[in-house]
Amino acid sequence: MHLYKHFFRLIGKNKSGIILYSIIFVAMILCLTVAPKDNGAPSAEVELSAYEIGYIDADNSVLSRGILEYLAENNVLTDMSGRSEDSVKTLIYFETVHYVLEFEAGYEEKTDRGERPSVKYTAGLSTSAHTFLINDAIEKYVKNYTAFLQLGKTPEEAVAATRDSLKKTALVKRYIEEGKEKKESRKEIVIYNLCNFFSYVSFGAIVLCLGGVLLTNSKEKIVKRIQTSPVSESRKVLSEFLGTFSAGMVLLVFFSVFICIFGAETQMIRQHFLPIFLLEFAIIVFDCSFAVFVSGFDLKEGTLSIISNVVGLSMSFISGVFVPQYLIGKSVLRVGKLTPFYRLCVITDSLFEPQNSIISYSTENLLVSFGIILLFAISLLLAGMLVRKQRKNA
């Protein structure tokens, strides 16, 4: 308990670094809150003709061609057949096209049987907020088509009747009238970004600020003073970890309260807050373990700053913190899998963009990711104990 209190006294003497990262964290929240205001969302004056939509029609049926003709009335359509998956993602990333939809073979046949086959689509982060527009348009078209089939019309007649019934429908009307949906879709992007970016910010705050406190704790005069007490090296490391973890939990609680208040109406919070909190909790544990591990070496504060920035940025770039994982090259992601940030991002991606996610969300995948992050943390904590023992023996 004495060592635990001693840790917090040192934190009180190193307020500047903690205050600095707190300011960075708040600034990032404000930037994310303001930046997506016009993040690809059309205003009341923008027509849907501004959207470049690519398509891959593997069915090539009367229904799929009818849907494409309907969408072409207010959009610019481009046939993407024959292009590779990486080529399509590249075009979306650079916004050459905003949205690519794909009709699977047998789409019309399944619809005629009363099934509800889904249309696979791919969208960039800047346009994913309003993909419901096109999905809603397709859904509306299929419902009308099915209704005409039930009246005894042939597929060709049903397509013609559907086209006539929806001819004067403005696809942008709902988007303009229901401003709440527009606002909520922007918030979904903010919450998604915050959940990913928090891992980078918390890593820097804990490793750089609290790691600096741990380095102070490792200075020769303080070490000799502590070593006079009958406390094992393992208990000293655990005390440092608990002190760091306590400070990290304050950061996590602040973050959790903020996203719950700001994103109370979003699906990410209403339906998926618990998975997000569990993963962020595991990330905090990892951050604390890494801080304890790296502070066990004889480092200067400048060196610690370099390690914090290089490791944090590297893990963030290759894991999908700054860019959705489906836009990252497979070879880069293979390396990213070796980091705990990857496990956070693969779950947040599956919650926010399930159609583009590498894996589908499930409780099993959540627990696997949670467990792997904790294994990273435990491994680093044990390594930290080993480093301290080696330094003491030396």
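Source: prediction; values computed, not measured.

Reading the values: the criteria
- Residues numbered from 1 in each chain as written.
- Predicted model: local features only at pLDDT ≥ 70, side-chain atom pairs only at ≥ 80, totals over all residues.
- Heavy atoms only, no water.
- Helix = DSSP H or I, 4+ residues; strand = E, 2+ residues; numbered from the N terminus.
- Buried < 20%, exposed > 50% of the residue type's maximum accessible area, 1.4 Å probe, protein only.
- Contact = heavy atoms within 4.5 Å.
- Areas by Shrake-Rupley, 256 points an atom, 1.4 Å probe, with all protein chains shown as cover.
- Pairing = 2+ DSSP bridges.
- Axes fitted to C-alpha atoms, helices over the stretch in contact; angles between N-to-C directions.
- Parallel < 35°, antiparallel > 145°, perpendicular 65-115°, else oblique.
- Left-handed = near helix turned anticlockwise from the far one by under 90°.
- Nonpolar A, V, L, I, M, F, W, Y, C, P; charged D, E, K, R; others polar.
- Salt bridge = Lys/Arg side-chain N within 4 Å of Asp/Glu carboxyl O.
- Polar contact = N/O pair within 3.5 Å; in protein donor to acceptor, adjacent residues only side chain to side chain.
- Arc of directions from axis to C-beta.

A. The arrangement of the overall build of the protein chain in detail. Counting its regular elements, the protein chain contains 16 helices and four strands. For the protein chain, buried positions account for 48% of its 394 residues. For the protein chain, contacts bridging at least 24 residues in sequence account for 78% of all contacts bridging at least 6. Summing over all exposed atoms, the protein chain offers an accessible surface of approximately 19100 Å²; the carbon and sulfur share of this is 59%.

B. Molecular detail of the sheet that holds strand β2 (residues 76–79). Strand order in the open sheet formed by four strands is β2-β1-β3-β4, with mixed pairing between adjacent strands. Taken across any chain shown, the strands that pair with only one partner, and hence form the sheet edges, are β2 and β4 (120–123). Ignoring strand direction, the axes of neighbouring strands in this sheet form an average angle of 25°. Note: strand β1 (residues 52–57) against β2, four bridges, orientation parallel. The residue bridging Glu 52 from the neighbouring strand is Val 76, located in β2. Contacting β1, β2 and β3 (99–103), helix α3 (residues 62–72) crosses the sheet at an angle of about 160° to β3.

C. Local environment of the packing of α3 against helix α7 (residues 155–165). Packing of α3 against α7 leaves a shortest axis separation of 9 Å and a crossing angle of 15°. The orientation of α3 relative to α7 falls into the category roughly parallel. As for the relative orientation of α3 and α7, their crossing is right-handed in sense. When α3 is examined against α7, the residues Val 62, Leu 63, Gly 66 and Glu 69 are found in contact with a partner set consisting of Pro 155, Glu 156, Val 159 and Arg 163. Along the lines of polarity and charge, the residues of the contact of α3 with α7 split into four nonpolar, one polar and three charged.

D. Layout of the pattern of salt bridges. According to the stated counting rule, one finds four salt bridges in the structure shown. Among the ionic pairs, Arg 113 bridges to Glu 115, the shortest N-O distance being 3.0 Å. For Glu 115, a relative accessible area of 36% puts it in the partly exposed group. A salt bridge links Glu 139 to Arg 116; the nearest nitrogen and oxygen atoms lie 2.0 Å apart. Of the two residues, Glu 139 sits in helix α6 (residues 131–150) while Arg 116 sits in the loop between α5 (107–112) and β4, which places them 23 residues apart along the sequence. In this structure Glu 139 comes out as partly exposed when scored by relative accessible area, which is 32%. Taken together, the shared-partner salt bridges in this structure form one network comprising Glu 109, Arg 113 and Glu 115.

E. Highlighting the side chain of Asn 196. Its place among the elements puts Asn 196 in helix α9 (residues 179–217). A relative accessible area of 1% means that Asn 196 is categorised as buried. Polar side-chain contacts of Asn 196 include one of 2.7 Å to the side chain of Thr 348. If we ignore the near neighbours within four places in the chain, the residues touching Asn 196 are Gly 320, Val 321, Leu 344, Cys 345, Thr 348 and Asp 349.

F. Local environment of unusual backbone geometry. In this structure, Asn 60 is a non-glycine residue whose phi angle is positive, near 50°. As for its placement among the helices and strands, Asn 60 is situated in the loop between β1 and α3.

G. Quick peek at helix α4 (residues 85–93). Restricting attention to buried positions, one finds in α4 the residues Val 88, Lys 89, Leu 91 and Ile 92. Taken end-on, α4 shows its buried residues confined to a sector of 160°, consistent with a single buried face. Buried positions along α4 lie against β3 and β4. Where α4 begins, the capping side chain belongs to Ser 84, and its oxygen is found 3.2 Å from the backbone nitrogen of Ser 87.

H. Representation of the side chain of Ser 289. Within the fold, Ser 289 resides in helix α12 (residues 267–294). Ignoring any residue separated from it by four or fewer positions in sequence, one finds Ser 289 in contact with Phe 241, Ala 377, Leu 380 and Leu 381.

I. Structural view of the packing of α12 against helix α15 (residues 340–352). As a packed pair, α12 and α15 sit with axes 10 Å apart at the nearest point and diverge in direction by 175°. One finds that α12 runs roughly antiparallel with respect to α15. Residues Met 268, His 272, Ile 276, Leu 279, Glu 280, Ile 283, Phe 286 and Asp 287 of α12 touch α15, and the partners they reach there are Pro 340, Phe 341, Leu 344, Ile 347, Thr 348, Leu 351 and Phe 352. Along the lines of polarity and charge, the residues of the contact of α12 with α15 split into 11 nonpolar, two polar and two charged.

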